[in-house]
Amino acid sequence: MEIHFDEKSIVMDDYKSLNGYGLKLKEMNDAISSKGQLEELKSLHYSIMNADIGWPIELWDMIQTTEISFVI
């Protein structure tokens, strides 16, 4: 993914590295491509097993996201 704005660029390569050009950005490099899906499942499992802490994503947030996708 590449984002270009005001003669600056941010480039993400396969969720493994993030580089900025023309702006100050902490470069990130990782050997593993991580999209956060495993962490989200772990958080959901923890929420289900410990019902008193609440859901990792609030219901209103999921409803809002769904409504926006219908508008698009």
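Structure: see above.
Residues numbered from 1 in each chain as written. Predicted model: local features only at pLDDT ≥ 70, side-chain atom pairs only at ≥ 80, totals over all residues. Heavy atoms only, no water.

Quick look at the pairing of strand β1 (residues 2–5)
In step 1: The sheet contact formed by β1 and strand β2 (residues 8–13) spans 4 bridges and is antiparallel. Looking at the pairing, H4 lines up with S9 of β2.
In step 2: Taking the residues that link successive antiparallel strands as the turn, the β1-β2 hairpin has 2 residues, and the phi of D6 there is positive, at about 45°. (Pairing = 2+ DSSP bridges. Helix = DSSP H or I, 4+ residues; strand = E, 2+ residues; numbered from the N terminus.)

Thoughts on the environment of S34
In step 1: By the element assignment, S34 lies in the loop between β4 (28–29) and α1 (37–49).
In step 2: Remark: the alpha-carbon pair of S34 and D14, spanning 20 residues in sequence, is separated by 8.8 Å.
In step 3: If we skip the residues at most four places from it in the chain, S34 touches Y15 and E39. (Contact = heavy atoms within 4.5 Å.)

Read these as geometric descriptors, not functional statements.
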